[in-house]
Protein chains: 2
Amino acid sequence: MSSLCVLPPECLLQPFTVPQRLMLGPGPSNVPARITAAGAQPILGHLHAETIEIMNQIKSGIQYAFQTQNRVTLAVSGPGHAAMECAIFNSLEHGESVLIAINGIWGERAAEIAERIGAKVNTLVTSAGGYFTNEEIEQALDKYRPVVFFLTHGESSTGVVHPIDGIGDLCHKYNCLFLVDSVAALGGTPICMDEQGIDIMYTGSQKVLNAPPGTAPISFSERACQKIFNRRTKPISYFLDMNLLANYWGCDDKPVRVIKHLNTLIKGLENSWKRHKEVAEYFHKGLGEMGLKLFVQDKKARLPTVTTIVAPPGYDWREITGYIMKTYNMEISGGLGPSAGMVLRVGLMGCNSSKANVDKVLEALADALKHCHKSRV
Amino acid sequence: MSSLCVLPPECLLQPFTVPQRLMLGPGPSNVPARITAAGAQPILGHLHAETIEIMNQIKSGIQYAFQTQNRVTLAVSGPGHAAMECAIFNSLEHGESVLIAINGIWGERAAEIAERIGAKVNTLVTSAGGYFTNEEIEQALDKYRPVVFFLTHGESSTGVVHPIDGIGDLCHKYNCLFLVDSVAALGGTPICMDEQGIDIMYTGSQKVLNAPPGTAPISFSERACQKIFNRRTKPISYFLDMNLLANYWGCDDKPVRVIKHLNTLIKGLENSWKRHKEVAEYFHKGLGEMGLKLFVQDKKARLPTVTTIVAPPGYDWREITGYIMKTYNMEISGGLGPSAGMVLRVGLMGCNSSKANVDKVLEALADALKHCHKSRV
């Protein structure tokens, strides 16, 4: 072989300093120093005794955060999308029927994933900002008789927290698994996997848990295990096959596999729920006093981790988020999917959920409304 | 909802100290302090200007490490298995024919993944420690007429580095994409993607690149892009869909997405190749002087990153690796797949590839052979 055709890129020879920034978008949230410091610990091998101990600890922590005794509880090595595919790939086989509740982008995404693997997808759809009653859900379960029902707990695109009570029982009445996406909500608003009859649930590390992205906690009930470990066909993905992952994680008392962060745990779940609620209400009150309107009408459906604010009339929302990023080094974001162009979104997740941060974002918003261009409405 | 059913696990209230350990198994390798320190930097959002800059830098770094000008070059958010599935999921459609060279566990794994998505899998198989001649490969290409040919560059289960020269041309003669797994070899032994006509190649972060696991560099040639961006059907995975990933990474000059580590880069590729070769030869000489035999007979087929040593006759290999872990706090490993029970494997990857480490592992091995139980052979 001759000498190198591609030379070392100059840009990589310079050190790169990552700026400190207050991240109040819908995620990632800020990671506290004690957690980033843990990321600087040495790497272990995937079969070392300490790794197995750490994985068991992570499992306990996820069981606590999810409020579950599920044996099959672990963290997928990947972002939230990997956990979403893990849940759908393992629980559905080609041609099986799934019912997906769509009240924002995450239901749409689940439908897209289920379609790709050849599941029979039926949907229950409502407009942005809405959610479903248990009656509507039961009617759809009765009509479509799915093997899995997918629901988004915290719909970060619209700022809606979906009621969960009673839905597990309905699913089980119709012999269906209850699958819940709680990426943007878990830890910030109450959810109890076992008590609420949830069969499969996952979250992300980079939201309320304030850990770096790249690991995604997931858990399967015994009822779910009956289904996923007795499939006719192998799941489409080897990487996300729960037969292998459950084995890696010692969920069947066999050897386990590599993990990286011991950071995804929160202490005091009830305190966390309470704080997120109080801080969100404090924020909503402040927004009201500024004359800004909330996108979600129904108070109890407002997601405490991600607030959607009706985009201030007469302004370009991009100018507002850009002004706040530039002037305050603070991230807030625009809408997503069904809320694109209609809202501003402010995430107050984990350590970012504090009245001090609310005061900062209210000040920044007020200043932005003063300085950004306003057309006549 | 009543009070919590699952209480906070006691184990999580204690701090956990990760031990320093010399990791000379087939990966993960040790991560230098300057790289773990980078992992302790603040998290950025996926659309922040600095993130886009970092992603462009990572792209340049991968282009350098892979020796390619490929526009579609990025890092998958996941372990090596995710990159393997990304390569296979995107390049093959249901029913299409793939030829897989199997001389160890990684070819077997690729065949399993391709089968799961319904590809028509043909294999070219040789015994553990062996590899294929270009004539054998051409005969198989001619016979099976696959759309993709899969080859493992560094077969870590047997310690074989596969010759690459000429195979790209053969593949293109038969209108086939050349897909190379270089997880255990890249950076430690020469490979030049463009010059050698490789269409798809991926590696892992936790081997020679000495970064934490969880990101996997991958690159696609223009010829590969012609195929993957003109599919009849969508790839089975949304998470690993190159249409979306290429867009996230700005490979089509649109916005880009989150990454975490700026650590996967090596400086001085030719120096790295040279060092890995010299250190491996120094190690192999030392092993010979101790009376130990190498598993791979053909000198030029010996992978410089992972050395396979014939398990010393009369010993239980588990006792040897256990003794070295306990006495020296050093990891070496046994065989895997076709080499299970037959070999000891020693990885000397990236910063771990040094004569000082060779001296340490030779001393540990000599000591283990003295202290471990030996039966009459």
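In this text, all values refer to a predicted model and were calculated from it rather than measured experimentally.

Peer 1: Please clarify how the overall build of chain A should be interpreted in this entry.
Peer 2: When helices and strands are tallied, chain A shows 11 helices and 14 strands. Since a compact globule built from 377 residues should have a radius of gyration of about 21 Å, the 22 Å found for chain A is in line with a globular shape. Seen through its C-alpha atoms, chain A measures out along the principal axes to roughly 65 × 60 × 50 Å. For chain A, with 377 residues in total, the buried portion stands at 63%. Put simply, 72% of the contacts in chain A that link residues at least 6 apart link residues at least 24 apart. Counting every atom, chain A has about 14400 Å² of accessible surface; 52% of that belongs to carbon and sulfur.

Peer 1: Can you help me understand the domain arrangement of chain A in this one?
Peer 2: Interface size, as often reported, equals the accessible area lost upon joining of the parts. Residues and elements named next belong to chain A. Per the domain assignment, the segments making up chain A are domain 1 (22-28 + 268-371) and domain 2 (33-264). The straight-line distance from the C-alpha centre of domain 1 to that of domain 2 is 27 Å. Approximately 2200 Å² of surface area, both sides summed, lies buried where domain 1 meets domain 2, with 65% of it carried by carbon and sulfur atoms. It is Leu269, Trp273 and Leu303 in domain 1 that bury the most area against domain 2; as a group they hold 29% of the surface buried on that side. Taken together, the connections running from domain 1 to domain 2 amount to 0 salt bridges. Among the secondary structure elements, those contributing two or more residues to the side of domain 1 that touches domain 2 are α9 (269-289) and β11 (306-310). The greatest single-element share of the side of domain 1 that touches domain 2, amounting to 4 residues, is contributed by α9. A per-class count over the side of domain 1 that touches domain 2 returns 14 nonpolar, 9 polar and 4 charged.

Peer 1: Would you mind going over the nonpolar core with me for this structure?
Peer 2: The nonpolar side chains of a soluble globular protein tend to be buried, and buried together. Ranked by internal contacts, the top residues of the largest apolar core, which has 153 residues, are A:Phe149, A:Phe220, B:Phe149 and B:Phe220. Ignoring any residue separated from it by four or fewer positions in sequence, one finds A:Phe220 in contact with A:Asn70, A:Val72, A:Cys86, A:Met193, A:Asp199, A:Ile200, A:Cys225, A:Ile228 and A:Met242. Listed in part, the 25 residues of the second largest apolar core include A:Leu294, A:Val361, A:Leu362 and A:Leu369.

Peer 1: Explain the UniProt feature "binding site: substrate" (unreviewed entry) in chain A here, please?
Peer 2: Residue and element names in this part refer to chain A. Within this numbering scheme, the UniProt entry marks Arg345 as carrying the feature "binding site: substrate" (unreviewed entry). You can see Arg345 is positioned in strand β14 (residues 343-347). Within the local environment of Arg345, its side chain forms a polar contact with the backbone oxygen of Ser156, the two atoms lying 2.6 Å apart.

Peer 1: What is the right way to look at the sheet that holds strand β14 (residues 343-347) of chain B in this model?
Peer 2: Pairing between sheet strands relies on hydrogen bonds along the backbone, with the strands arranged either parallel or antiparallel. All names here are of chain B. Ordered in space as β11-β14-β13, the 3 strands form an open sheet in which the pairing is antiparallel. Among the strands making up the open sheet, the edge pair consists of β11 (306-310) and β13 (333-334). Where β13 and β14 come together, 2 bridges link them in antiparallel fashion. In the sheet register, Gly334 faces β14, and the bridge partner there is Leu344.

Peer 1: Can you help me understand unusual backbone geometry in this one?
Peer 2: Working note: non-glycine residues mostly have negative phi, and peptide bonds are mostly trans. All names here are of chain A. For the peptide bond that leads from Gly27 to Pro28, omega is 0 degrees, which places it in the cis range. Considering the arrangement of structural elements, one finds Pro28 in the loop between β1 (22-23) and α1 (33-39). Residue Arg145 is not a glycine yet carries a positive backbone phi of 45 degrees. Counting through the fold element by element, Arg145 comes out in the loop between α5 (134-144) and β5 (148-152).

Peer 1: It is not clear to me how the relation of the copies chain B and chain A should be interpreted in this structure. Could you clarify?
Peer 2: There are two copies of the chain, and a rotation about an axis plus a shift along that axis relates them. Overlay of chain B on chain A (RMSD 0.0 Å): rotation 180 degrees, translation along the axis 0.0 Å. What the superposition gives is, in effect, a two-fold axis relating one chain to the other. Same-surface contact between copies: 99% of interface residues of chain B are shared with the interface of chain A.

Peer 1: Got a minute to help me understand the packing of helix α3 (residues 80-91) of chain A against helix α4 (residues 105-116) of chain A in this structure?
Peer 2: Each packed pair of helices is defined by two parameters, the angle between the axes and the distance between the axes. All names here are of chain A. Here α3 crosses α4 at 55 degrees, and the two axes come no closer than 10 Å. On the basis of the axis angle, α3 is oblique to α4. Viewed along their axes, α3 and α4 form a crossing whose handedness is right-handed. Contacts between α3 and α4 involve His81, Met84, Glu85, Ile88 and Phe89 from the former and Trp106, Arg109, Ala110, Ile113 and Ala114 from the latter.

Peer 1: Looking at this model, I keep getting lost on the environment of B:Ser353. Mind explaining?
Peer 2: Residue and element names in this part refer to chain B. Considering the arrangement of structural elements, one finds Ser353 in the loop between β14 and α11 (355-371). Owing to a relative accessible area of 2%, Ser353 belongs among the buried residues under this scheme. For the pair Ser353 and Tyr238, spaced 115 residues apart in sequence, the C-alpha to C-alpha distance is 38 Å. Apart from the residues within four sequence positions on either side, Ser353 is in contact with Arg275, His276, Val279 and Leu348.

Peer 1: Would you explain α9(A) in this entry?
Peer 2: Residue and element names in this part refer to chain A. Over its 21 residues, α9 runs 30 Å from end to end, which matches the ideal 30 Å to within 8%, given 1.5 Å per residue. What α9 keeps buried is the set Leu269, Ser272, Trp273, His276, Val279, Ala280, Phe283, His284, Gly286 and Leu287. Within α9, the buried residues cover an arc of 160 degrees as seen down the axis, which keeps them to one side. Across from the buried face of α9, at angles greater than 90 degrees, the exposed residues are Asn271, Lys274, Lys285 and Glu289. Its buried side turned inward, α9 meets α2 (49-66), β11, β14 and α11 (355-371). Positive phi shows up at Gly291, right after α9, with a value of about 85 degrees.

Peer 1: Please explain the pattern of salt bridges as it appears in this structure.
Peer 2: Pairing between side chains becomes possible if they bear opposite charge and their charged atoms approach one another. According to the stated counting rule, one finds 30 salt bridges over all chains in the structure shown. With a closest N to O distance of 2.8 Å, A:Glu96 and A:Lys227 form a salt bridge. Within this pair, whereas A:Glu96 is found in the loop between α3 and β3 (97-102), its partner A:Lys227 is found in helix α7 (residues 222-228), the two being separated by 131 residues in sequence. Taking the relative accessible area as the measure of exposure, A:Glu96 reaches 16% and is therefore buried. With a shortest N-O distance of 3.8 Å, B:Asp199 and B:Arg223 are connected by a salt bridge. With B:Asp199 in the loop between β8 (177-181) and β9 (200-202) and B:Arg223 in helix α7 (residues 222-228), the pair connects residues that are 24 residues apart, well separated along the chain. According to the relative accessible area criterion, B:Asp199 is buried, its value standing at 2%. In this structure B:Arg223 comes out as partly exposed when scored by relative accessible area, which is 42%. If you follow the salt bridges from partner to partner, you end up with A:Glu112, A:Arg116, B:Lys234 and B:Asp241 in one network.

Peer 1: Even after reading the chapter, I still don't get the sheet that holds strand β13 (residues 333-334) of chain A, so can you show me in this structure?
Peer 2: Residues and elements named next belong to chain A. Strands sit in the order β11-β14-β13 across an open sheet of 3 strands; the sheet is antiparallel. Edge positions in the open sheet fall to β11 and β13, since each of these has one partner strand only. Relative to β14, β11 is paired through 5 bridges, and the arrangement is antiparallel. Each bridged residue has a counterpart across the sheet, and for Ile309 the counterpart in β14 is Leu344. Along the sheet face, α9 touches β11 and β14 and points at about 10 degrees away from the line of β11.

Each value, and the rule that gives it
- Residues numbered from 1 in each chain as written.
- Chains lettered and ligands numbered in written order.
- Predicted model: local features only at pLDDT ≥ 70, side-chain atom pairs only at ≥ 80, totals over all residues.
- Heavy atoms only, no water.
- Helix = DSSP H or I, 4+ residues; strand = E, 2+ residues; numbered from the N terminus.
- Rg over C-alpha atoms; globule rule 2.2 N^0.38 Å.
- Buried < 20%, exposed > 50% of the residue type's maximum accessible area, 1.4 Å probe, protein only.
- Contact = heavy atoms within 4.5 Å.
- Areas by Shrake-Rupley, 256 points an atom, 1.4 Å probe, with all protein chains shown as cover.
- Domains from an automatic or database assignment.
- Buried area = accessible area lost by both parts, 1.4 Å probe.
- Salt bridge = Lys/Arg side-chain N within 4 Å of Asp/Glu carboxyl O.
- Nonpolar A, V, L, I, M, F, W, Y, C, P; charged D, E, K, R; others polar.
- Core = buried A, V, L, I, M, F, W, Y, C linked by side-chain atoms within 4.5 Å.
- UniProt positions renumbered as here; feature names shortened; annotations may be inferred.
- Polar contact = N/O pair within 3.5 Å; in protein donor to acceptor, adjacent residues only side chain to side chain.
- Pairing = 2+ DSSP bridges.
- Least-squares fit on C-alpha atoms with pLDDT ≥ 70 in both.
- Axes fitted to C-alpha atoms, helices over the stretch in contact; angles between N-to-C directions.
- Parallel < 35°, antiparallel > 145°, perpendicular 65-115°, else oblique.
- Left-handed = near helix turned anticlockwise from the far one by under 90°.
- Expected span 1.5 Å × (residues − 1).
- Arc of directions from axis to C-beta.

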